[in-house]
Amino acid sequence: MATIRHHAHIDRSPDDVWKVVADAGAISNWFPGIDTSSVEGNVRRCSMGGGAELVEEIVTSDDQLRRFQYRITEGPTPLDFHLGTVDVLPDGDGSLVIYSTDVSPDETKALFDPALAGGLDGLKRYLEG
């Protein structure tokens, strides 16, 4: 199993950042490449260009820890395992956001690594304006 981890300081309070991360159905507002997104129960659907769709199970949305976890259950790339985690931590007068993913098969790391980096950059740009 491969592990990917990216982090960034965001010049907004942890509560402000968490409100955006925890709003699972609005990920299309800040994650590049996701055109539309919605949530029903604990299932998030993300539509991307070319008609591709991701179906994700929301595993954890913990307001106290400010931790969001999801796993891809259906998508254009065959996966044996996927668990994405976004942690929002206090960092001085802003926030430290850690975005990590465990994924198998290992070869899919090359696909997910730039996507996570882009997602984290998109979150930072969205929140910092």
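Reference entry: report on the structure contained in this document. Residue numbers run consecutively from 1 along every chain, following the written order of its sequence. Residue-level local features of this predicted model are given only where pLDDT is at least 70; pairs of side-chain atoms are given and counted only at 80 or more, and the full residue set underlies all totals for whole chains, interfaces and linings. Water and hydrogen atoms were dropped before computing side-chain values, which therefore reflect all heavy atoms in the structure.

Before going further, it helps to spend a moment on the packing of aromatic side chains. By convention, a stacked pair of Phe, Tyr or Trp rings (six-membered ring in the case of Trp) has centres within 6.5 Å and planes under 30 degrees apart, an edge-to-face pair has planes over 60 apart, and any other such pair is tilted. The tally for this structure, following the rule as stated, stands at 2 aromatic pairs. Here the aromatic rings of Trp30 and Phe31 are separated by 5.9 Å at their centres, their planes lie at 50°, and the arrangement is tilted. Here the two residues Trp30 and Phe31 agree in accessibility, since each one is buried. To sit over a ring, a charge needs its Lys NZ or Arg CZ within 6 Å of the ring centre and within 35 degrees of the ring normal. The ring centre of Tyr70 lies 5.1 Å from the NZ or CZ of Arg44, which sits over that ring. A simple rule labels every residue: compare its accessible area, found with a 1.4 Å probe on the protein chains alone, to the largest value its type can have, and call it buried under 20%, exposed over 50%, or partly exposed in between.

Moving on to the layout of surface pockets. Each pocket or cavity is described by its volume, and for the largest pocket that value is around 390 Å³. Looking at the largest pocket, it is lined by 22 residues, and the ones nearest its centre are Phe31, Met48, Leu54, Phe112 and Ala115. Note on conventions: DSSP H or I runs of at least 4 residues are helices, E runs of at least 2 residues are strands, and numbering of each starts at the N terminus. Residue contributions to the lining of the largest pocket peak at 6 residues, all from helix α2 (residues 109–128). Split into classes, the residues belonging to the lining of the largest pocket amount to 14 nonpolar, 6 polar and 2 charged. The way it works is a 1 Å grid over only the protein atoms, where trapped points that fit a 1.4 Å probe form a cavity and open points with protein on both sides within 12 Å along at least five of seven lines form a pocket, and then any residue with an atom within 4 Å of a point lines it. Grid points are joined across faces, edges and corners, and a volume is the space filled by probe spheres set on the points. Three classes are used: nonpolar for Ala, Val, Leu, Ile, Met, Phe, Trp, Tyr, Cys and Pro, charged for Asp, Glu, Lys and Arg, and polar for all others, with Gly counted as polar.

Function cannot be read off these values alone, since they describe shape.
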